[in-house]
Amino acid sequence: PIDPSMLAKSIGTLTDLHPDQDLPATLHQAVITDLTEAEADLPAKWPSTDIFGLPTQGRLTKGAAQMALADLYLWRSSFLVKNEWQQASDWAKKVIDSGVWSLNDDYFRTFLPAYKGNPEMIFMIPNTGKEGRTSSPWQLFYYPRDWGIDQWGGWGLIHPTGWFDSSYAAGDYRKEAGYISGGCSGGGMCVARFADGPMPWKYRKSDNGANWPLGDVDAPLYRYAEAILIYAEAQNELGNAAEAVTYLNKIRERARKGTGAESRAEPANYLGPTDQLSLRNAIFMERAWELAFEGKRWFDIVRRDTREPGYWLTSLEQHDPNAKSVNPVISPHKKRFPIPQTQINANPSLTQNPGY
């Protein structure tokens, strides 16, 4: 049965067909309501196949809704300075305490097709690598453009910057597992060493790209590791440094021990200062290493810029040699994306973001 009050509410939201740009707060509240209701109704896990025998991998779960809420409150707390850190902490902790999700012992296995359905992948864009199934061009919006050794050996498009490549701590397993410096394509083209530096290689297709563009690597949107890092960041901002360090160390330990068998040069436990700013720096860098090439870093430096004006610009100037390749002046308006002209044409109440 349909709740008449909810139906009236839904109809009411549709009456303004040309909303203006003063609606972010209203939209956020609508998203929070939808996600909260979804979290209550979604299953913690799906069976491997549905009643029609179709695979359920990639479907929304309770954990996916919880992660989206934690992520939204993280954004609101930092970028919008709403200081809703407790809500971000609570939703991330629900994921951590659910017992459904966990870190893989081996960071690399999180991404390999042979380990699809592993308990670290909370929400992803699934790919089967089979024509007519779920191999999807959507992966290209999330993966680095050349995310593997493809059929033509089209190397050199996406690389970590020199700063980022050298920023990894000694013995961080994520660097050796996540990048490749040379190799052979599925078409047989071989290069001893890429001229522009290493390429991301944690999204390794089973066939080394021989059947490009088909892929069988899932594109991660939310991982359990990010739940831990969101919780650590929120706890730090709430003034609970010891709790933040405890959870930061869970990520550091996995990263610095690899599969658990290696002996690593840098200690797994964070031994740096624990004042709020120093710990914030440590958590943001851990996010950069842990979530490298997963589409998180840009939003991290943008949201942090609100609380620390100049952080975004300084990060680009000091760390990205391509930031001034088009214009010697990095304009602040580029922290935001332009509104597509088609949307402006369809809605006369919208105006382009200043600067575009």
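For the structure itself, look to the data block above.
Since the structure is predicted, the reported quantities are computational estimates derived from the model, not experimental observations.

Calculation criteria
Residues numbered from 1 in each chain as written. Predicted model: local features only at pLDDT ≥ 70, side-chain atom pairs only at ≥ 80, totals over all residues. Heavy atoms only, no water. Helix = DSSP H or I, 4+ residues; strand = E, 2+ residues; numbered from the N terminus. Contact = heavy atoms within 4.5 Å. Areas by Shrake-Rupley, 256 points an atom, 1.4 Å probe, with all protein chains shown as cover. Salt bridge = Lys/Arg side-chain N within 4 Å of Asp/Glu carboxyl O. Patch = residues over 30% accessible without salt bridge, like charges linked within 9 Å, V, L, I, M, F, W, Y side chains within 5 Å. Buried < 20%, exposed > 50% of the residue type's maximum accessible area, 1.4 Å probe, protein only.

Student: Would you mind showing me how to read the overall build of the chain here?
Tutor: A count of helices and strands for the chain gives 12 helices and 6 strands. Within the chain, contacts between residues separated by at least 24 positions form 64% of all contacts whose residues are at least 6 apart in sequence. Surface summary for the chain: the accessible area is close to 18300 Å², and the carbon and sulfur share equals 57%.

Student: When you look at the pattern of salt bridges in this model, what are you seeing that I'm missing?
Tutor: Here the idea is simple: oppositely charged side chains can pair when their charged atoms come close. The tally for this structure, following the rule as stated, stands at 25 salt bridges. A salt bridge links aspartate 165 to lysine 175; the shortest N-O distance between them is 3.6 Å. Linking aspartate 165 in helix H5 (residues 162-167) with lysine 175 in helix H6 (residues 173-178), this pair joins segments that are 10 residues apart in sequence. Of the charged contacts in the structure, one is a salt bridge between arginine 280 and glutamate 237, with a shortest N-O distance of 2.8 Å. Linking arginine 280 in helix H9 (residues 276-290) with glutamate 237 in helix H7 (residues 224-237), this pair joins segments that are 43 residues apart in sequence. Ionic contacts of the salt-bridge type, sharing partners, join the residues Glu120, Asp172, Arg174, Lys202, Arg223, Arg252, Arg254, Glu286, Glu290 and Glu294 into one network.

Student: Quick question: what am I supposed to make of a nonpolar patch on the surface here?
Tutor: A grouping of Ile51, Phe52 and Leu54 is seen on the molecular surface, where their side chains present a nonpolar patch of about 410 Å² in accessible area. Of note, isoleucine 51 is situated in the loop between helix H2 (24-41) and helix H3 (62-78). On the accessibility criterion, isoleucine 51 (80% relative accessible area) is exposed.

Student: Where do I start with the environment of isoleucine 251 in this structure?
Tutor: Here isoleucine 251 lies in helix H8 (residues 241-257). Between the C-alpha atom of isoleucine 251 and that of glutamate 286, which follows or precedes it by 35 residues, the distance is 7.9 Å. Excluding anything up to four places from it in sequence, isoleucine 251 contacts Leu103, Arg174, Ala225, Ile228, Leu229, Glu286 and Glu290.

Student: Any chance you could explain the side chain of lysine 202 here in plain terms?
Tutor: Along the chain, lysine 202 turns up in the loop between strand E5 (199-200) and strand E6 (219-223). If we ignore the near neighbours within four places in the chain, the residues touching lysine 202 are Tyr107, Phe108, Phe111, Ala177, Gly178, Glu290, Leu291, Ala292 and Glu294.

Nothing here speaks to function; it is geometry throughout.
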